[in-house]
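Structural characterization, general
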Amino acid sequence: MNETSNTTEARDIMDLGSALSEPVCAAIEPGNSVPFVVVPEGYKVHDLESLFAAPTRARGEYMMNDANSFVAIVNDLKSGNTRLYGVLGREGVPTFRAVFNDNAGEYRAPGWRDHVAIYNCPLSTEWKTWVANNGKSMNQEQFAKFIEDNAIDIASPPAADMIEISRTLEAKKKVNFSSGTRLDNGQTQITYEEEIQGTAAKGQLQIPQEFTVGLAVLEGGPKYAVAARLRYRIDGAKLSMWYDLLRPHKIIEDATMEVRAAIAVGTGLTVFNGMPA
């Protein structure tokens, strides 16, 4: 056997021995060490957890669809290392997150923070509909249809009165609107002219300056009274109408705080205002 063969065999034996070496720990500071394994070039350490009968630790993500389910899963899995977080998202959607293996506990031990439950509070269809059309100018026909389609949400004036206004708007599509006047009774009187059998006749339409809708912000949540101002514009004898919801962001903030309080009471845990990075 030549010298080259002996050298190669010796290197293979050394590499094999290195690959079979036991894990060791490097101390960073007293009581805190990090395990590591030294392997020769060309070798790698394989994770064998998938071959076990069960994972070595709990991890994963649970997506909950309502507050009661979120509270139930938190109560089932919480420990001294559990923390709750809540925030109002960029698109106005409240989000709550439970981290079951957080950097928490009696000694603030570091955790992997990868075992979590999430509740992205779904907004109700009614809330999304009214917010999506907030401030959106519509012609007579479009506005009348919107009011009729969503009259069930109108709390005051009576929905029947708003439907009557919408039907009048639909019937007056070919009239010429000329002016609008605010009345002392909280209504706005819009004057128009229409031709009846070859004769121009004047008419008037009264609409409320404000109305109120009762909307659940979150699916399955309580309803809130949301005030809206009824707006109009007369341009070239044509009437455009829209509504402006008053401070809808405060309504959703209140809804978020109610859910936050319910989760805190239901779990017995503090809900931190924010999200872990």
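Below is a summary of the structure that appears in this document. (Residues numbered from 1 in each chain as written. Predicted model: local features only at pLDDT ≥ 70, side-chain atom pairs only at ≥ 80, totals over all residues. Heavy atoms only, no water.)

Quick notes on the overall build of the chain
Basically, it comes down to this: Numbered from the N terminus, helices here are DSSP runs of H or I no shorter than four residues, and strands are runs of E no shorter than two. For every residue, the accessible area (1.4 Å probe, protein chains only) is compared with the maximum for its type, and the residue is labelled buried under 20%, exposed over 50%, or partly exposed between those bounds. Whether two residues are in contact is decided by their heavy atoms, any of which lying within 4.5 Å being enough. In short, Shrake-Rupley with a 1.4 Å probe defines the accessible areas, and a residue's cover is counted only from the protein chains shown.
On a plain count of helices and strands, the chain comes out with six helices and 15 strands. Here the chain, with 277 residues, has 31% of them falling under the buried criterion. Look at the contacts in the chain between residues 6 or more apart in sequence, and 51% of them connect residues 24 or more apart. Taken as a whole, the chain presents about 17,400 Å² of accessible surface, with 51% of it coming from carbon and sulfur.

Thoughts on the sheet that holds strand S5 (residues 94-99)
In sheet architecture, strand pairing relies on hydrogen bonds along the backbone and comes in two forms, parallel and antiparallel. Heads up, the rule is: Should DSSP find at least two bridges between two strands, the strands are regarded as paired. Convention adopted: a line fitted to C-alpha atoms gives each axis, helices being fitted over their contacting stretch, and angles between N-to-C directions are expressed from 0 to 180 degrees.
Taken in spatial order, the five strands make up an open sheet running S3-S6-S5-S4-S15, and their pairing is mixed. Of all strands in the sheet, those with a lone pairing partner are strand S3 (60-64) and strand S15 (271-273), marking the two edges. Along the sheet, successive strands turn relative to each other by an average axial angle of 25°, direction set aside. Strand direction decides the pairing type here: S3 and strand S6 (residues 115-120), joined by five bridges, are parallel.

Points about the sheet that holds strand S7 (residues 138-139)
Taken together, five strands build an open sheet; the order of strands is S7-S14-S13-S12-S8 and the sheet is antiparallel. With partners counted over all chains shown, the strands left at the sheet margins are S7 and strand S8 (154-156), one partner each. Sheet strands in contact with helix H3 (residues 125-132) are S8, strand S12 (210-216), strand S13 (223-235) and strand S14 (238-245), and its direction is about 145° off that of S12.

Thoughts on the side chain of Thr 95
This is how the line gets drawn: Here a polar contact is recorded for every N or O atom pair within 3.5 Å, except that within protein the pair must consist of a potential hydrogen donor and a potential acceptor, and residues adjacent in sequence are included only if both atoms are side-chain atoms.
Locating Thr 95 in the fold gives a position in strand S5. For Thr 95, a relative accessible area of 18% puts it in the buried group. A polar atom in the side chain of Thr 95 sits 3.0 Å from the side chain of Asn 120. In contact with Thr 95, other than residues within four places in its own chain, are Tyr 85, Gly 86, Val 87, Ile 118, Tyr 119, Asn 120 and Met 275.

Describing the environment of Val 217
Counting through the fold element by element, Val 217 comes out in the loop between S12 and S13. C-alpha separation for the pair Val 217 and Lys 128, spaced 89 residues apart in sequence, amounts to 8.3 Å. Among residues more than four places away in sequence, those in contact with Val 217 are Pro 122, Leu 123, Ser 124, Trp 127, Pro 222, Tyr 224, Ile 251, Ile 252 and Ala 255.

Section: a nonpolar patch on the surface
To keep it simple, the criterion reads: A patch consists of residues exposed above 30% relative accessible area that lack any salt bridge, with like charges linked at up to 9 Å and nonpolar side chains (Val, Leu, Ile, Met, Phe, Trp, Tyr) linked at up to 5 Å. The salt bridge definition used is simple: a Lys or Arg side-chain nitrogen within 4 Å of an Asp or Glu carboxyl oxygen.
A cluster of nonpolar side chains, namely Leu 48, Leu 51 and Phe 52, defines an oily patch on the protein surface of about 340 Å² accessible area. With respect to the helices and strands, Phe 52 occurs in the loop between strand S2 (32-36) and S3.

With respect to the packing of helix H2 (residues 67-77) against helix H6 (residues 248-267)
Our working rule: Here the angle decides the label: under 35 degrees means roughly parallel, over 145 means roughly antiparallel, 65 to 115 means roughly perpendicular, and every other value means oblique. Take the far helix as your reference; a near helix turned counterclockwise from it by less than a right angle gives a left-handed crossing, and one turned clockwise gives a right-handed crossing. In this count, Pro and Cys sit with the nonpolar residues alongside Ala, Val, Leu, Ile, Met, Phe, Trp and Tyr, while Asp, Glu, Lys and Arg are called charged and the others, Gly among them, polar.
It is at 9 Å that the axes of H2 and H6 come closest, and there the two elements cross at 30°. By the criterion of interaxial angle, the relationship of H2 to H6 is roughly parallel. Relative to H6, H2 is oriented so that their crossing is right-handed. Packed against H2, whose contacting residues are Ala 67, Phe 70, Val 71, Val 74 and Asn 75, the element H6 presents Val 259, Ile 263, Gly 266 and Thr 267 at the interface. Across the contact of H2 with H6, the residue classes tally to six nonpolar, three polar and no charged.

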